[in-house]
Structures are given as C-alpha cells and as structure tokens.
Amino acid sequence: MAVDQATKKLYNERIGEQKLQISECEKELAAYKKAMSANKKLKPFFHLGNIAQLLQMVQTQIQMNDISEEMMQIKNSAFLDNARKNLYKCFADLDVVVKGDVDEPIDFNRDELDKIGPFSPKKRLNLYRHIRQSIDKLIASYGANTKWLWSFPELYARSANLGKNLIDFREVQSKRDPREEFFYDRKEMVRLVSDDLLDASNRYRDKYEISTKASSDLVTAIKLLDALRRVAIAVKDDATVVKAKTGIDSYKARLEADKDDKKTAKK
C-alpha cells in the first residue's frame, strides 16, 4: 500500500529524532575513548560505559525499525543490521572487561573481576538483563524468515558466557547469608546465566541437527554445557551437574557416531 506524503514527512521527523539520539551516544563513545588513554586505572569502567551507550543505540535502532514498520509498512533491515553490529561491539567491550573465554575454570579472570569491584552485583545483573532483552527484541524484530536465523545461537552463547564471567564466584561461595547485601542479586544472576547456558547449548544442538550438521556446532554445545557444569559445581547444584554431564556424554557419543558413519560412507 502506497504511503502518503504527510505520513512520509512525519516518519522522517520521527526518524530524525532517533538519529539525533544515536549521534549523542556516538559523542559519548568518543569521549570514553579519549578518557581511556588518559586514565588506565578506570579503563574497565569506560568500557562498561561504552556498553551502556551501545545498548542504548541498539534499542533506538530497533525502535527505528518499529517506526518504519508502523508508518511505512516495511521492515528496515539496515536499522536492524546496525543494531546487530552494535551488540557485537558490546560483546567486544565486555570481553575486555571480564574476558570471553568459555573453556576456562571458574575464577580464571580473578584479576579482571578485582578491577571492577565497585561495579556491584546488582549493576552486573541489570547489565546482563539489558543485553539479554536486547537480543530477544532484535531477533523478534528480524522475524522468522531472516538470513541471520542460524547466527542467533552465537548471540545467546556469547551473552551467556560473558554473563558467567561477570559473576564473582568467590563472593557467591563466601557470602551465603541472605542478609548479606546483594545476596539475592548474585543468586538471580547465577540462575539466569545457568538457564541461558543451557538454552544456548540447546540452540547450537538445534543448529547442528536442523541446519549445518557441522561437528563444530555440537562441540560448541558441549562447551556451553561444560561451562554450566562448572557453574553448578561452584554453587553446589548437584542436579544440574548431573544434567549437564548427561548432555555432554550424549553429544560426545553423537559426535563419535557421526565420525563412524562418515568413515563407513567413505569405504
């Protein structure tokens, strides 16, 4: 359906306001970049500031697509693709702050965690929730028929793993009294991250089964379950330890079976 000139004019005005918001975020990012070189001690906090600005940009770009769909009756993939790129920039900044490794033992990034001590468990929980909500909104905006469909497991996996690495498990283990400040924030962060590690592993399994048949995807599913297992051991969640190990053994057996099938096919 054709859009009238008045609607186009109003659309451009609304989009113009959103673009100004993004421009302000970009100015903040430039200021943080300059400040990083002047104060190395505060560098992790400037990276956290970057993430806050980038997430604001992600939200705004998703809103811009919503406006396009509402007023122009068309999905604007450019807005969504920019939001997706900014999510990956968030991951890159968070990787600098707490490291993004998935194969390391709990507390491997002790030095990094000590540097962001003032960034409280409540703030970490809120940041993680914001990242997770942004991913969900972006994927919902793309819709079911997007070319990016099988790249989405990576978004969930990276966010869940970085969320795990944001948790100070030494504090979780030592501060077990519900009267302790941030007790429930720590508990909720562990619960969310555990759920999301399992969810991300399942998404990679589905990617393997439905789309790629690539062993690397099942290997990633195993790594995510192993990360979940380590979290469960740290918080003494025996049921989840068993559940994760069962999944790991099952996926490893499937990899071996696939390897045997390929050998048989070659013969």
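Heads up: the structure comes first, above all this text.
Because the structure is predicted, anything quoted here is derived from the model rather than measured. (Residues numbered from 1 in each chain as written. Predicted model: local features only at pLDDT ≥ 70, side-chain atom pairs only at ≥ 80, totals over all residues. Heavy atoms only, no water.)

Colleague: What am I meant to see in the packing of helix α1 (residues 5-38) against helix α2 (residues 43-72) here?
Modeller: Axis angle and axis distance: for two packed helices, these are the angle between their axes and the distance between the axes, and together they describe the pair. Put simply, α1 and α2 touch, their axes get as near as 9 Å, and they point 170° apart. Considering their axes alone, α1 and α2 lie roughly antiparallel with respect to each other. (Axes fitted to C-alpha atoms, helices over the stretch in contact; angles between N-to-C directions. Helix = DSSP H or I, 4+ residues; strand = E, 2+ residues; numbered from the N terminus. Parallel < 35°, antiparallel > 145°, perpendicular 65-115°, else oblique.)

Colleague: Quick question: what am I supposed to make of the packing of aromatic side chains here?
Modeller: The description of two aromatic rings rests on the distance between their centres and on the angle between their planes. Scanning the model with the defined rule gives four aromatic pairs in all. With centroids separated by 6.1 Å and ring planes inclined at 40°, the aromatic side chains of tyrosine 32 and phenylalanine 46 adopt a geometry described as tilted. Taken as a pair, tyrosine 32 in helix α1 and phenylalanine 46 in helix α2 lie far apart in primary sequence, 14 residues in all. With a relative accessible area of 17%, phenylalanine 46 lands in the buried category. With a centroid separation of 5.8 Å and 40° between ring planes, the pair formed by tyrosine 142 and phenylalanine 152 is classed as tilted. You can see tyrosine 142 sitting in helix α5 (residues 121-142) and its partner phenylalanine 152 sitting in helix α6 (residues 152-166), a full ten residues away along the chain. Assigned by exposure class, tyrosine 142 and phenylalanine 152 land together as buried. (Phe/Tyr/Trp six-rings, centres within 6.5 Å; stacked < 30°, edge-to-face > 60°. Buried < 20%, exposed > 50% of the residue type's maximum accessible area, 1.4 Å probe, protein only.)

Colleague: Where do I start with helix α3 (residues 77-98) in this structure?
Modeller: Because an α-helix packs 3.6 residues into every turn, residues spaced three or four apart end up facing the same way. With 22 residues, α3 ought to run about 32 Å at 1.5 Å a step, and its terminal C-alpha atoms sit 31 Å apart, in line with that. If you check the start of α3, you find a side-chain oxygen 3.2 Å away from the backbone N of alanine 78, and it comes from asparagine 76. (Expected span 1.5 Å × (residues − 1). Polar contact = N/O pair within 3.5 Å; in protein donor to acceptor, adjacent residues only side chain to side chain.)

Colleague: Would you explain the nonpolar core in this entry?
Modeller: Taken as a class, soluble globular proteins show a tendency for nonpolar side chains to be buried jointly. Counting 69 residues, the largest nonpolar core has Leu48, Leu94, Val98, Leu127, Ile135 and Leu197 as the members making the most contacts within it. Ranked by residue count, the leading element in this core is α2, at eleven residues. Residue contacts for leucine 48: discarding those within four places in its chain leaves Leu94, Val97, Ile116, Phe119 and Leu127. (Core = buried A, V, L, I, M, F, W, Y, C linked by side-chain atoms within 4.5 Å. Contact = heavy atoms within 4.5 Å.)

No statement about biological role is implied by the geometric values presented.
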